[in-house]
Amino acid sequence: MNALRSRRQRERAPQRAHRAQEKHQPWLRPRLLGLLLALCGLLSACGLTSGSGGQIAQGKTTPTTSHSSATVYVSSDSIYALRASDGVLRWRAVAGDCGGSTIVASGVLYTTAVGAVCALNTQDGSLRWRVTLNGAVHSSLVLADDLLFYVGNPAQDRPTTGWIGAVRARDGQAVWRYMVGLVAEAEPVVAEGVVYIGTAAGVLYALRASDGHLLWSVATLNHRAIRASVAVADDVVYSDAENGSLSALRASDGHLLWRVNGVSGMPVVADGVVYLSGPLTALRASDGAILWRAVQLQTVTGLTVTDGVLYLGTAAIEAPDGTATGGYVYALNLHDGTVLWRAQGEAPDPPPTFGTPLMADGLVYVGSITTAFPTAPPIGAVYALDARDGTLRWKYRLLAGVAAPRSLTVVP
């Protein structure tokens, strides 16, 4: 018994000595706490806030636990899932070369690679399937009727043999492909069972979405390229051409209804008005009459209409002396184009170029790309702004830009 008591006393002696050292040297705990806080601050500055999980291994994901249902999915250097309310990282996935434009439906995130389409689980970012398309993908994906539509071409050095194709959403199995000649750069648009695509040769095609059968095709004036996606509303197709004109075509047969010159950009239609980005212009959808124009907004990168407000992002502009100004996120009155509020990047960061804003649950989400130095790779961020006044609610820094169309998706 005495031997056992002596052994226990010997084991407890180092513990008592350590507690005594802490008692006589109370600076140890604050110093350790300071080191931990400094490390947390460094991780936060890199976008690795609570729940990021540190470094990400190739092909793996880092999950976190959260209780909010809405999620912001971002495609940048990796694919990120952020909690929409506060920007906390749910997971981050590196799925090979998958990481182009994103679209989410029924628990699946669809994205593109250089020559492939990928499907990931939205719960943790794990790869469900990846299908090689034997060519480069030149557009964002569009999902309709359980089909994924895309535009591609067999090789970068043969840009005159492009096509529009459709694959099954459940497994990526090819359904049909239609050759369109000179490859298109805009994403397809699907409405009422018809898929529309413009080409660099200045031809607009209307194909049956189920099997790719050609319904009609029309050429632009002087065959000027169609580089922006069309908009479809009330059986009318609105198409922008490179020569600075907007055409309204009958959806059933492509018959020209009206054309307006001196405008350009991807059209967005809401409540009988067509909005174009360059310069920002509002036209009456029925006849093309110009309702208002904001000539000061010349560098609009993308726009969207939600709850009676026009939200748009603009690009940073480099001055002759090398300094940059802009870009901004704007909220405008739909009726006359007056500015409701304007938000910009945080100093001392260089002015970013903002993408197309998305509004959900009272917040405006927008991605950005910034080049800090002429030789440095671009960096990016996701901003969440209060839809009422543009106040910054949260910001998540990324190691690369959020520049491609549809790189950001918000899912309730």
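Because the structure is predicted, anything quoted here is derived from the model rather than measured. (Residues numbered from 1 in each chain as written. Predicted model: local features only at pLDDT ≥ 70, side-chain atom pairs only at ≥ 80, totals over all residues. Heavy atoms only, no water.)

**Re the overall build of the chain**
The helix and strand inventory of the chain stands at two helices and 36 strands. For the chain, the proportion of its 412 residues judged to be buried stands at 49%. Carbon and sulfur atoms make up 53% of the accessible area of the chain, which amounts to about 20,300 Å² in all. (Helix = DSSP H or I, 4+ residues; strand = E, 2+ residues; numbered from the N terminus. Buried < 20%, exposed > 50% of the residue type's maximum accessible area, 1.4 Å probe, protein only. Areas by Shrake-Rupley, 256 points an atom, 1.4 Å probe, with all protein chains shown as cover.)

**As for the sheet that holds strand E36 (residues 408-411)**
Within a sheet, each strand pairs with its neighbour through backbone hydrogen bonds, oriented either parallel or antiparallel. The sheet built from four strands is open, its strands ordered E3-E2-E1-E36 with antiparallel pairing. A strand with exactly one partner marks an edge of an open sheet, and here the two such strands are strand E3 (89-93) and E36. The sheet shows a mean angle of 15° between the axes of neighbouring strands, taken without regard to direction. Of the pairings in the sheet, the one linking strand E2 (residues 79-83) to E3 comprises four bridges and is antiparallel in character. Paired with alanine 81 across the bridge in E3 is tryptophan 91. (Pairing = 2+ DSSP bridges. Axes fitted to C-alpha atoms, helices over the stretch in contact; angles between N-to-C directions.)

**Digging into the sheet that holds strand E5 (residues 108-112)**
Strands sit in the order E4-E5-E6-E7 across an open sheet of four strands; the sheet is antiparallel. With one partner strand each, in any of the chains shown, strand E4 (102-105) and strand E7 (127-132) form the two edges of the open sheet. Recorded for the sheet is a direction-independent mean angle of 15° between the axes of neighbouring strands. One ladder, built from five bridges, connects strand E6 (residues 116-121) with E7; its direction is antiparallel. Counted as the bridge partner of valine 117 is valine 131 from E7.

**Regarding the state of the cysteines**
The final tally for this structure, using the stated rule, is one disulfide. The side chain of cysteine 98 participates in a disulfide bridge whose partner is cysteine 118; the two sulfur atoms lie 1.8 Å from each other. An S-S torsion of about -70° defines the bridge between cysteine 98 and cysteine 118 as left-handed. Of this pair, cysteine 98 sits in the loop between E3 and E4 while cysteine 118 sits in strand E6, and the two are 20 residues apart along the sequence. Judged by its relative accessible area of 8%, cysteine 98 is buried. (Disulfide = S-S within 2.5 Å.)

**Some remarks on unusual backbone geometry**
Residue serine 106 is not a glycine yet carries a positive backbone phi of 50°. For serine 106, the location among the structural elements is in the loop between E4 and E5. One non-glycine residue with positive phi stands out, namely aspartate 145, at about 55°. Mapped onto the elements of the fold, aspartate 145 is located in the loop between strand E9 (142-144) and strand E10 (147-153).

**Digging into the packing of aromatic side chains**
Any two aromatic rings considered together are summarised by their centre-to-centre distance and by the angle between their planes. Applying the stated criterion across every chain yields a total of 12 aromatic pairs. Between tyrosine 73 and tryptophan 91, the ring centres sit 6.2 Å apart and the planes meet at 50°, which makes this aromatic pair tilted. Here tyrosine 73, found in strand E1 (residues 71-75), pairs with tryptophan 91, found in strand E3; they are 18 residues apart in sequence, far enough to count as distant. Each member of the pair, tyrosine 73 together with tryptophan 91, is buried. The cationic tip of arginine 177 hangs over the ring face of tryptophan 163; the distance from NZ or CZ to the ring centre is 3.7 Å. The ring of tyrosine 328 is capped by arginine 342, whose NZ or CZ atom sits 3.9 Å from the centre of that ring. (Phe/Tyr/Trp six-rings, centres within 6.5 Å; stacked < 30°, edge-to-face > 60°. Lys NZ or Arg CZ within 6 Å of the ring centre and 35° of its normal.)

**With respect to the side chain of glutamate 187**
Mapped onto the secondary structure, glutamate 187 falls in the loop between strand E12 (174-181) and strand E13 (189-191). For glutamate 187, the side chain forms a polar contact with the side chain of serine 140, separated by 3.3 Å. (Polar contact = N/O pair within 3.5 Å; in protein donor to acceptor, adjacent residues only side chain to side chain.)

**With respect to the pairing of strand E34 (residues 379-386)**
The element E34 is extensively covered by neighbouring structure, given that seven of its eight residues are classed as buried. Pairing analysis gives eight bridges linking strand E33 (residues 363-370) to E34, with the strands arranged antiparallel. The residue bridging serine 368 from the neighbouring strand is alanine 381, located in E34. For E34 and strand E35 (residues 392-398), the ladder comprises six bridges, and the chain directions are antiparallel. When the sheet's bridge partners are listed, valine 382 is paired in E35 with tyrosine 396. Here E34 hands over to E35 after five residues, with glycine 390 in that stretch at a positive phi of 80°.

Geometric descriptors of this kind do not, in isolation, establish any biological role.
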